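The residues making up each chain are set out below.
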Amino acid sequence: EKCVPSFEACAGVTPPAPTASIAANTSQVTTSAGDACVGQTGWDADFTEHMHMCGLRSVGAMPAAGSCMAKMQGVSTDCGNCLGDLISCGRHCASQCCLGNCPASEAC
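Structural notes, computed from the coordinates.

Reading the values: the criteria
Residues numbered from 1 in each chain as written. Predicted model: local features only at pLDDT ≥ 70, side-chain atom pairs only at ≥ 80, totals over all residues. Heavy atoms only, no water. Helix = DSSP H or I, 4+ residues; strand = E, 2+ residues; numbered from the N terminus. Buried < 20%, exposed > 50% of the residue type's maximum accessible area, 1.4 Å probe, protein only. Contact = heavy atoms within 4.5 Å. Axes fitted to C-alpha atoms, helices over the stretch in contact; angles between N-to-C directions. Parallel < 35°, antiparallel > 145°, perpendicular 65-115°, else oblique. Left-handed = near helix turned anticlockwise from the far one by under 90°. Nonpolar A, V, L, I, M, F, W, Y, C, P; charged D, E, K, R; others polar. Disulfide = S-S within 2.5 Å.

Geometrically, the link from Met 62 to Pro 63 is a cis peptide bond, its omega value of 5° lying close to zero. Considering the arrangement of structural elements, one finds Pro 63 in the loop between α2 (47–58) and α3 (64–73). With a phi close to 55°, Val 59 is a non-glycine residue in the positive phi region.

Before going further, it helps to spend a moment on the environment of Cys 68. Inspection of the secondary structure puts Cys 68 in helix α3. Exposure remark for Cys 68: the relative accessible area of 13% places this residue in the buried category. C-alpha of Cys 68 to C-alpha of Gly 55: the two residues are 13 residues apart in sequence and 8.7 Å apart in space. Not counting chain neighbours up to four residues away, the residues in contact with Cys 68 comprise Cys 54 and Arg 57.

Running from N to C, α2 and helix α4 (residues 77–90) cross one another at 70°; their axes reach a closest spacing of 10 Å. Relative to α4, the element α2 is oriented roughly perpendicular. The crossing of α2 and α4 is right-handed. Residues Phe 47, Met 51, Cys 54 and Gly 55 of α2 form the contact with α4, whose participating residues are Leu 83, Leu 86 and Ile 87. Taken together, the residues of the contact of α2 with α4 break down into six nonpolar, one polar and no charged.

All right, on to the state of the cysteines then. Linking two cysteines covalently through their sulfur atoms gives a disulfide. This structure, assessed with the given rule, holds four disulfides. A disulfide bridge connects Cys 10 with Cys 82, and the sulfur atoms are separated by 1.8 Å. The sign of the S-S torsion, about -75°, decides the handedness of the disulfide formed by Cys 10 and Cys 82: left-handed. With Cys 10 in helix α1 (residues 4–11) and Cys 82 in helix α4, this residue pair connects regions lying 72 residues apart in the sequence. Among the residues examined, Cys 82 registers a relative accessible area of 2% and is labelled buried. Across a sulfur-sulfur distance of 2.0 Å, Cys 54 and Cys 68 are joined as a disulfide pair. The sign of the -75° torsion about the S-S bond sets the Cys 54-Cys 68 disulfide as left-handed. On the criterion of sequence distance, the pair formed by Cys 54 in helix α2 and Cys 68 in helix α3 is long-range, its members being 14 residues apart. Each member of the pair, Cys 54 together with Cys 68, is buried.

Just geometry here; none of it tells us what the structure is for.
Spelled out as structure tokens, the structure:
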């Protein structure tokens, strides 16, 4: 939750719910200065699964996390960087979120 406002400011979109890993979502566009992911199809496809995979591959570090997400989602580098920043911010909560294996947990 702590990381969402900065993600929305960067990407211009609201991240899907943690359980939204099966299919792409129609996420709401926020009113913000950032618009890195606005209008990019697929940025939220298999969101939770891809965030988890890229988080593990990059150990939550930027720029590797952003590059991984840009490739996984098929989006621009800027959008990928917003997604990677979300991963990087969330790495501080990894242990309480079971290293991404229980993202819907109340502990997260």
